[in-house]
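If you want the building blocks of each chain, they are given just below.
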There are 2 protein chains.
Amino acid sequence: MEMTERKKKVLRSVVDLYIRTAEPVGSKAITELPDMNYSSATIRNEMADLLTMGYLEQPHTSAGRIPSAAGYRLYVDELMADYRLSMDETKSINTAIEEKMQQVDRLVEKVAKLVSQATDLPAISMAARRGGATATRFEVIPAGAGSVILVVMLSDEQVLNKLIKLPLSVTQSDLQVLSAVLNATLTGLSPEEFTPELLQKVMNSAGEAASLVPVIMDFTAEALSKQANANVAVAGQMRLLGQPEYRDAKKAQRVLTKLDEDALANLPAVLENGNGTKVLVGPENITQELKDTSVVMTKFDIGDGMQGLIGVVGPTRMDYAKVTARLSYFAESLSKMFAKPEQKQLPGGKDEEA
Amino acid sequence: MEMTERKKKVLRSVVDLYIRTAEPVGSKAITELPDMNYSSATIRNEMADLLTMGYLEQPHTSAGRIPSAAGYRLYVDELMADYRLSMDETKSINTAIEEKMQQVDRLVEKVAKLVSQATDLPAISMAARRGGATATRFEVIPAGAGSVILVVMLSDEQVLNKLIKLPLSVTQSDLQVLSAVLNATLTGLSPEEFTPELLQKVMNSAGEAASLVPVIMDFTAEALSKQANANVAVAGQMRLLGQPEYRDAKKAQRVLTKLDEDALANLPAVLENGNGTKVLVGPENITQELKDTSVVMTKFDIGDGMQGLIGVVGPTRMDYAKVTARLSYFAESLSKMFAKPEQKQLPGGKDEEA
DNA sequence: GTTAGCACTCTTTTCCCCTGAGTGCTAAGC
DNA sequence: GCTTAGCACTCAGGGGAAAAGAGTGCTAAC
């Protein structure tokens, strides 16, 4: 059986209506649409065809039709109308970003929250570094009685610091020697190169302050290997409960629990391939738990070797056009924001307190 | 009517059973308990009394009884058996804390997650500073071409840093002058004291690097006033969905949405008064949305002028004995951990990346 | 003071019937 | 050869009655 234009038109109508109503769509409802100048019988024939072609499903014999996964797929790839964001929408997204993004603290969490608000669905957000960083500069400065502060600059312009309490007293010049040695030996190295032999070597040349070296190297190596890890946040989980398909809490719980575990574990891999917006419809998700759930994600560059990803999770019957449009706009705005030099406040970090 | 020992015993049994089964408790069920050597008729009489006294409620005429808020209150305050944590429980809490708390990143989130796991309920966690901090030391160090790093030490031993790109070039000695001026003028001040006049004064004496001063003062003032704010996290929201009283997603959504908003807004006030474990039963919560929900919280000191709070949210029918026991143990372990100097890794901060 | 007995109340479950939405098919119409 | 009207058929969902079950309240006896 071949796919005619009219079949596509019918399929699109079915998906559109189902997205709006969450109820199986009957032939009559289709005929009542504008631009549908056929009788219900004709539509019924077309729908029967679409059923055998696998684009529609029938919950039971005498019910309307709902899109199958394949139907959604076709809809997403070819059929859905471009959703143009209204002025209001772009404005509210823009102001939200501007208001919330002033402080650089916990950016991924904030982004996730904003995306969730903008789509009224659970959202994930992630930032990850593309390549591994190395240390570019060390500085050890005195910090009052019995303490020094270690400052490490990384190749990606992050700045880390650590307060070290001294078991012994060292002089300012000891620290200068130490800083010089660190800068000479440890810059440009990957975490794997922080071997015990290297530690020995550095300690030998570090003079009086040698006892600080193990702490410093541990800290640096750990920080560097952590770079590779992603920074993931999930927000707005409870919005899933607003969707009629999750009126049953058990069902929602399964999805949300999975989301919690997996967002953190599996997402980094997703970043690897391909840019742009991606839609995973129901069963295309690998895990069984997300069989009735779709994921829409956008990946984008945010400069400085960082990649961002934002995405939302919702029922297969979600408004793909709206969601993808908002998500793309969001991604675009974020990229722009990070590209603007006056907003780029990158390493204005702040310690987590203990 | 007076409260006899037997009445208390019956009340305790009703609450215990209701916590276990989530079903109204009938007189027959009570008689089947060990140590209950009375007939169902006797129990019925006692239950009728407890009903008129307001400790029990009756969903409808021919149903069993469920505890009222007052009933829970009495149960929590007087009746419930001490729950002794098993070796397994203490061990799993301890190892969880040890494993997860190694990195100081995002501590509140991690704690919330752990508490939620330990209790199988949504959890909140918070860390807040008791008094306002001040800056104790400034250091401006060169960081390669056209950049300097500002390091600020706070009175609470946090260390903040910020990378500043220079619009102009300054020499090392300029920076030393600047550091000296900053240390002389800005240490020990509360954020309110960062006035425009002070800014002017500092700039006048800062020499070549004067153009850096506004950025530095803004950053410091903001960091200091942020100190006062609390650091709140919520985790495991979806665990609420496992509770039978929230099988209806709508209900769960109301509570969870409230939790999301309010945990961040209202909790800091809670920290103000009284230490120890506290139970808020259903209607004792101020907000209407939490009427059928109980909150158990523990506040504790974690040294360094910091206070911690952990808590869980669940149905009024929750296992108070178990939850309070686990929560207290958690609080205790955390305090201990933070008190141990070798684990105290306080300002080993790490920047959030953009 | 305690308990057995029993009538009574109310929810929950089950069953049945009916209604309505929607289909599939056939035969007629353009 | 499409398209459409017509009609029999199917099935989910709602309403209501009846039956089942759990538990109470009360009375009278122990």
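This report concerns the structure included in the present document. Here the structure is a predicted model, which means the values were calculated and not measured.

Conventions we followed
- Residues numbered from 1 in each chain as written.
- Chains lettered and ligands numbered in written order.
- Predicted model: local features only at pLDDT ≥ 70, side-chain atom pairs only at ≥ 80, totals over all residues.
- Heavy atoms only, no water.
- Helix = DSSP H or I, 4+ residues; strand = E, 2+ residues; numbered from the N terminus.
- Expected span 1.5 Å × (residues − 1).
- Buried < 20%, exposed > 50% of the residue type's maximum accessible area, 1.4 Å probe, protein only.
- Arc of directions from axis to C-beta.
- Pairing = 2+ DSSP bridges.
- Axes fitted to C-alpha atoms, helices over the stretch in contact; angles between N-to-C directions.
- Contact = heavy atoms within 4.5 Å.
- Left-handed = near helix turned anticlockwise from the far one by under 90°.
- Nonpolar A, V, L, I, M, F, W, Y, C, P; charged D, E, K, R; others polar.
- Near = heavy atom within 4 Å.
- Polar contact = N/O pair within 3.5 Å; in protein donor to acceptor, adjacent residues only side chain to side chain.

## Observations concerning helix 5 (residues 87-100) of chain A
Given 3.6 residues per helical turn, the α-helix brings residues three or four places apart onto the same face.
Residues and elements named next belong to chain A.
Phase 1: Compared with an ideal rise of 1.5 Å per residue, which puts 14 residues at 20 Å, helix 5 spans 20 Å between its outermost C-alpha atoms and is within 8% of the ideal.
Phase 2: Along helix 5, the residues classified as buried are Glu89, Thr90, Ile93, Ala96 and Ile97. With its buried residues spanning 130° around the axis, helix 5 presents them on a single face. Away from its buried face by more than 90 degrees, helix 5 exposes Met87, Asp88, Lys91 and Glu99.

## Some details on the sheet that holds strand 4 (residues 135-142) of chain A
Residue and element names in this part refer to chain A.
Phase 1: Read from one edge to the other, the open sheet built from 3 strands follows the order 4-5-6, with strand pairing classed as antiparallel. The sheet is open, and its two borders are formed by strand 4 and strand 6 (159-165), each paired with just one other strand. In this sheet, adjacent strand axes meet at a mean angle of 20° when their direction is disregarded.
Phase 2: Looking at chain direction, strand 4 and strand 5 (residues 147-154) are connected through 7 bridges and run antiparallel. Counterpart to Val140 in the pairing with strand 5 is Leu150.
Phase 3: The sheet contacts of helix 7 (residues 172-186) involve strand 4 and strand 5, and relative to strand 4 the element is tilted by about 170°.

## Digging into the packing of helix 7 of chain A against helix 8 (residues 196-205) of chain A
All names here are of chain A.
Phase 1: Running from N to C, helix 7 and helix 8 cross one another at 150°; their axes reach a closest spacing of 10 Å. Crossing hand, helix 7 versus helix 8: right-handed. Contact residues: Val177, Val181, Leu182, Thr185 and Leu186 in helix 7; Leu198, Val202 and Ser205 in helix 8.
Phase 2: Tallied by class, residues from the contact of helix 7 with helix 8 come to 6 nonpolar, 2 polar and no charged.

## As for the protein's contact with DNA strand C
Phase 1: Taken together, 21 residues lie around DNA strand C, and Ser27 of chain A together with Arg6, Thr42, Thr61 and Ser62 of chain B are the ones closest in.
Phase 2: Near the protein, within 4 Å, the atoms of DNA strand C are sugar or phosphate in 75% of cases.
Phase 3: A distance of 2.7 Å is found between a phosphate oxygen of DNA strand C and a side-chain nitrogen or oxygen belonging to Ser27 of chain A.
Phase 4: The side chain of Arg44 of chain A places a nitrogen or oxygen atom 3.2 Å from a base nitrogen of DNA strand C.
Phase 5: Of the residues assigned to the surface near DNA strand C, the class counts are 4 nonpolar, 13 polar and 4 charged.

## What to know about the pairing of strand 6 (residues 159-165) of chain B
Residues and elements named next belong to chain B.
Phase 1: Taken across its 7 residues, strand 6 has 6 buried, putting it largely inside the fold.
Phase 2: Inspection of the sheet shows strand 5 (residues 147-154) paired to strand 6 by 7 bridges, in the antiparallel sense. Note on strand 6: the bridge partner recorded for Met153 is Val159.

## Examining the protein's contact with DNA strand D
Phase 1: Taken together, 20 residues are adjacent to DNA strand D, and Arg6, Thr42, Thr61 and Ser62 of chain A together with Ser27 of chain B come closest.
Phase 2: The contact atoms of DNA strand D, taken as those within 4 Å of the protein, divide so that sugar and phosphate hold 73%.
Phase 3: Within the side chain of Arg6 of chain A, a nitrogen or oxygen atom sits 2.6 Å from a phosphate oxygen of DNA strand D.
Phase 4: Ser62 of chain B places a polar main-chain atom, nitrogen or oxygen, 3.4 Å from a sugar or linking oxygen of DNA strand D.
Phase 5: Among the secondary structure elements, those contributing two or more residues to the surface near DNA strand D are helix 3 (40-52) of chain A together with helix 3 (40-52) of chain B.
Phase 6: Examining the composition of the surface near DNA strand D, we find that 4 residues originate from one element, helix 3 of chain A, more than from any other.

No statement about biological role is implied by the geometric values presented.
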